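Commentary on secondary and tertiary structure
The chain contents come next:
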Amino acid sequence: PHAQMAIPESVSLTLYVVAWYVGNTYYNIYNKKALNLIHAHWSIAFLQLVVGVLFINVPLWITGIRKAPKLTMKDWISLAPIGLFAAGAHGGSVLALGGGSVTFAQIVKACEPVFAAVVALAVPPIETKPFLAYMMLLVIVGGVGLACVKEGKGVEINMFAFGWASFANLMAALKGKLGKDITHSLKSDKSKNMDSANVYAVMNIISAVWTLIPVIYEESGTIQHEWDHAIKKSPTAANDIIFNTIASGIAFYLYNEFAFAFTAKVGPVTSSVLNTLKRVIIIVVTSVVLGEVMERNAMIGSAVAIAGTLFYSLAEVMGKKKPAADDKSKKH
């Protein structure tokens, strides 16, 4: 009977990974196409968050397929800062993608552990990482640095894309550090129906509200002009913008949902390895589909940075296991 149970589990995990990878790759492609068609980055980021909730979660809640979350106003307020960081992480990624190539944005996004390690040391409670993990951060930074060196031209950095991708990394690190306790306590209260999927849905709703602020402040005055300008350039632009924005929103929602479902079932090592592999696949597939040319330094640098990210994650996991093993030996 155990063998029979193992087959569906392995099949479901494989399907989760495939859906996660396919969704993530398509998200980057549709997102980049939408951003190339119209200069309204914050608006696209906002619509992507709204589309996922409206097209996927609301129907699931209304039909009762998924239990709707039962949150008090106090719960919503406690989640608001985490939603702000989530909005920054998403918005920053979209702006980085709009300002540069998918490849470059992904290479800089590989630096996320560097920001996570700094936030862990700067924001109480202070968390230190194993020595080997800190060594791997140097490898990551070195890889990203090499990827920025153009042959025959020296260091050439798209500062707009680099700045927003770094901002996204910082926001993601703060969300990870400060959001853990709040989401964990909401998940543990079964009456609130806050499983991983609903936590993600609620985060998207709050993120969308926060993202509306830069949409109004930055783009409300220019969106009509940008729309008219895009339509003048191509007769199919209106349909293309709508399709790519909705498709990227659905892909964004689904890939995150499957990534959460997968990581909830496996250990952190497996998650780290597959998260690293995902970045490689996105870089390769999007560079082929979107025709983004990668120079030799960019290829080597991204490979070094991504390998560094993987080994950082593994060193971090091993470091967490060691104190647990020490505690057990002390008890005996």
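Look up: the structure comes first, before these words.
What comes next concerns the included structure. (Residues numbered from 1 in each chain as written. Predicted model: local features only at pLDDT ≥ 70, side-chain atom pairs only at ≥ 80, totals over all residues. Heavy atoms only, no water.)

Considerations on the overall build of the protein
What counts here: By definition, any uninterrupted DSSP run of H or I lasting at least four residues is a helix, any uninterrupted run of E lasting at least two residues is a strand, and each is numbered from the N terminus. To get the radius of gyration, use the C-alpha atoms; to get the globule rule, take the number of residues to the power 0.38 and multiply by 2.2 Å. Using a 1.4 Å probe on the protein chains alone, a residue whose accessible area is under 20% of its type maximum counts as buried, one over 50% counts as exposed, and one in between counts as partly exposed. Contacts are residue-level and defined by heavy atoms, with any inter-residue pair within 4.5 Å sufficient. With residues, only the protein chains shown are counted as cover, and all accessible areas are computed by Shrake-Rupley using a 1.4 Å probe. When charges are counted, neither His nor the chain ends are considered; positive counts come from Lys and Arg and negative counts from Asp and Glu. Note on charges: their place is set at NZ of Lys, CZ of Arg, CG of Asp or CD of Glu.
Helix and strand counts for the protein stand at 12 helices and two strands. Written out in order from the N terminus, the α and β elements of the protein read α-α-α-α-α-α-β-β-α-α-α-α-α-α. Its C-alpha atoms give the protein a radius of gyration of 21 Å, near enough to 20 Å, the size a compact globule of 332 residues would have. Overall, the protein is about 75 × 60 × 45 Å in size when its C-alpha atoms are taken along their principal axes. Each of the 332 residues in the protein was classed as buried or not, and the buried ones make up 46%. Contacts spanning at least 24 positions in sequence make up 85% of the contacts within the protein whose residues lie at least 6 apart. Within the structure as shown, the protein displays about 17,000 Å² of accessible surface, and the carbon and sulfur contribution to it stands at 69%. The positive charge centre, built from 28 side chains, and the negative charge centre, built from 20, are 6 Å apart in the protein.

Description of a nonpolar patch on the surface
The condition that has to hold: Patches draw on residues past 30% relative accessible area with no salt bridge. Two like charges within 9 Å are joined, as are two nonpolar side chains (Val, Leu, Ile, Met, Phe, Trp, Tyr) within 5 Å. The salt bridge definition used is simple: a Lys or Arg side-chain nitrogen within 4 Å of an Asp or Glu carboxyl oxygen.
Together, Leu277, Val280, Val284, Val285, Val288 and Val289 line one region of the surface with nonpolar side chains, adding up to about 470 Å² of accessible area. Mapping Val289 onto the fold places it in helix α11 (residues 268–289).

Here's the deal with the side chain of Asn244
Counted only if it meets this: Think of a polar contact as two N or O atoms within 3.5 Å of one another; within protein, one of them needs to be a possible hydrogen donor and the other a possible acceptor, and neighboring residues in sequence only count if both atoms come from side chains.
Residue placement: Asn244 occurs in helix α10 (residues 237–265). Of note is the side chain of Asn244, whose polar atom sits 2.8 Å from the backbone oxygen of Asp240. Contacts of Asn244, omitting those with residues within four sequence positions, involve Tyr30, Lys33, Ala34 and Leu37.

Topic: the packing of helix α9 (residues 223–233) against α10
So the rule is basically this: All axes here are fitted lines through C-alpha atoms, helices being fitted over the stretch that makes contact, and every angle between N-to-C directions spans 0 to 180 degrees. Geometric relationships in this document are graded by angle, where less than 35 degrees denotes roughly parallel, more than 145 denotes roughly antiparallel, 65 to 115 denotes roughly perpendicular, and other angles denote oblique. Polar here means any residue outside two lists: the nonpolar Ala, Val, Leu, Ile, Met, Phe, Trp, Tyr, Cys and Pro, and the charged Asp, Glu, Lys and Arg; Gly therefore counts as polar.
The N-to-C vectors of α9 and α10 enclose an angle of 120 degrees; their axes lie 8 Å apart at closest approach. One way to sum up the angle between α9 and α10 is to call them oblique. When α9 is examined against α10, the residues Trp227, Ala230 and Ile231 are found in contact with a partner set consisting of Ala237, Ala238, Ile241 and Ile242. Looking at the contact of α9 with α10 residue by residue, the class counts come to seven nonpolar, no polar and no charged.

Re the packing of helix α2 (residues 41–63) against helix α3 (residues 73–99)
Packed helices, taken two at a time, are described by the angle between their axes plus the distance between the axes. Short version of the rule: Less than a right angle of anticlockwise turn of the near helix away from the far helix marks a crossing as left-handed, whereas a clockwise turn marks it as right-handed.
Contact pair α2 / α3: the axes reach a minimum separation of 9 Å and the direction vectors enclose 130 degrees. The angle between α2 and α3 places the two elements in the oblique class. In the crossing of α2 with α3, the sense of the turn from one axis to the other is right-handed. Contacts between α2 and α3 pair His41, Trp42, Ala45, Gln48 and Leu49 from the former with His90, Gly91, Val94, Leu95, Gly98 and Gly99 from the latter. Residues that form the contact of α2 with α3 fall into these classes: five nonpolar, six polar and no charged.

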